[in-house]
Amino acid sequence: MYSNLLPIATAINPRELGGLTGFNNRKIQMHRLLRTGDLSKMSQKDKQFLKNYGVVKIIDLRSKSESVSHPDPQIDGVQNISIPLSSEEGTLGGESNLTQEAKLYNENPHAAFKMMCDHYRDHVVAAHDQKTVRQVLKILSETEEGAIIFHCTEGKDRTGFVALFVLYILGVDLEVIRHDYLASNEILAEYRAARDKRFKEVGKNLTFRANMRVLSSASDSLFDTILLTIEKECGNLETYLRDVLNVTPELETKLRELYLER
């Protein structure tokens, strides 16, 4: 079982990133960086847990429409910040925005995978998405105390994309980052099974359900899509960080001092 899960029953895919080993074998501090999925259904007990845990900011990477329809919780002393990663509305795997793709999803079992690859490539090259990552890094660099949550709907794709750069800047090994990304599959297993059961009960065919499983799964191929796109566009991850995300040596040092153990 994934060891860094937070004991929260009413939020999806809630994780503590503290404990991962970064630059010079210094571990990421606990109670500083959290990644999750949807927080809109949080119980009062879980809200109190986050407050007691030291959360001071919640960064919402979802689209404006998602944030409005399923707003983040208001917790005393916690700042809510909406910075959509994509300029598109809706979530890739959301059940509310499947109409447009429904025909493809019913007929082509690979439709969702192709669409996900396209979206992952877009995250790398789209100016809007690049700006969002820069904004997140700026917020992190300005938060000297307390825990920050960054999240999307399932805590997997958009959250995983941002986590890749945050963790890499902190010096976490790329294969450890990959493992953290893929951990969503284990954590979301029951969620995916319940979702599939609902689709089956309303008569969705196996092709459609296979596409839905892809939309709610992490994969090496998608993670590699990020790396391959970066390689094609910039040559390597270090160049992308420097020239596209504007990660200066000063910012890198600042983030490491703030989020790694002494």
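Structure's up top.
Since the structure is predicted, the reported quantities are computational estimates derived from the model, not experimental observations.

### Brief notes about the nonpolar core
With 56 residues, the main nonpolar core has I59 and F165 as its most contacted residues. With eight residues, helix α6 (residues 158-169) is the single largest residue contributor to this core. If near-sequence neighbours (up to four positions away) are discounted, I59 is found in contact with I81, I83, V136, I139, I148, I149, F150 and H151. I8, L34, I58 and A147 belong to the second-largest nonpolar core, a separate cluster that totals 14 residues.

### Considering unusual backbone geometry
For N13, which is not a glycine, the phi torsion comes out positive at approximately 55°. Mapped onto the elements, N13 comes out in the segment before β1 (15-16). Assessed through its relative accessible area of 3%, N13 is described here as buried. At H31, a position not held by glycine, the phi torsion is positive, near 60°.

### Regarding the pairing of strand β2 (residues 33-36)
The alternating pattern of β2 places L33 and R35 and L34 and T36 on opposite faces, both of which are buried. Bridge count between β1 and β2: two bridges; the pairing is antiparallel. Considered in β2, the bridge of R15 is made with R35. Sheet analysis places β2 next to strand β5 (residues 147-151), joined by four bridges and oriented parallel. Counted as the bridge partner of T36 is H151 from β5.

### Points about the sheet that holds β5
Taken together, five strands build an open sheet; the order of strands is β1-β2-β5-β3-β4 and the sheet is mixed. Only two strands of the sheet have a single partner each, and these edge strands are β1 and β4 (79-82). Against the sheet, helix α1 (residues 44-53) touches β1, β2, β3 (55-60) and β5, its axis set at about 115° to β3.

### Re the pattern of salt bridges
For the structure on display, the rule yields 23 salt bridges. Among the ionic pairs, R15 bridges to D180, the shortest N-O distance being 3.0 Å. With R15 in strand β1 and D180 in helix α7 (residues 174-187), the pair connects residues that are 165 residues apart, well separated along the chain. Each member of the pair, R15 as well as D180, is classed as buried. A salt bridge links R26 to E257; the shortest N-O distance between them is 3.6 Å. Of this pair, R26 sits in the loop between β1 and β2 while E257 sits in helix α12 (residues 249-259), placing them 231 residues apart in sequence. In the salt-bridge network here, residues are joined through shared partners; they are D38, D60, R62 and D72.

### Side note on the packing of aromatic side chains
One pass over the structure, following the stated rule, counts five aromatic pairs. Where Y181 meets F223, the ring centres are 5.5 Å apart and the plane angle is 40°; that geometry is what we call tilted. Taken together, the residues Y181 in helix α7 and F223 in helix α10 (residues 220-234) connect sequence positions 42 residues apart. With respect to burial, Y181 and F223 carry one shared label: buried. Seen in terms of ring centroids, F199 and F208 are 5.3 Å apart; in terms of plane orientation they differ by 80°. Their pairing is edge-to-face. In this pair, the class of F199 matches that of F208, namely buried. The lysine or arginine in question, K204, covers the ring of F208, its NZ or CZ lying 4.7 Å from the ring centre. Directly above the ring of F23 sits R256, whose terminal nitrogen or CZ lies 4.2 Å from the centroid.

Conventions and cut-offs
- Residues numbered from 1 in each chain as written.
- Predicted model: local features only at pLDDT ≥ 70, side-chain atom pairs only at ≥ 80, totals over all residues.
- Heavy atoms only, no water.
- Core = buried A, V, L, I, M, F, W, Y, C linked by side-chain atoms within 4.5 Å.
- Buried < 20%, exposed > 50% of the residue type's maximum accessible area, 1.4 Å probe, protein only.
- Helix = DSSP H or I, 4+ residues; strand = E, 2+ residues; numbered from the N terminus.
- Contact = heavy atoms within 4.5 Å.
- Pairing = 2+ DSSP bridges.
- Axes fitted to C-alpha atoms, helices over the stretch in contact; angles between N-to-C directions.
- Salt bridge = Lys/Arg side-chain N within 4 Å of Asp/Glu carboxyl O.
- Phe/Tyr/Trp six-rings, centres within 6.5 Å; stacked < 30°, edge-to-face > 60°.
- Lys NZ or Arg CZ within 6 Å of the ring centre and 35° of its normal.

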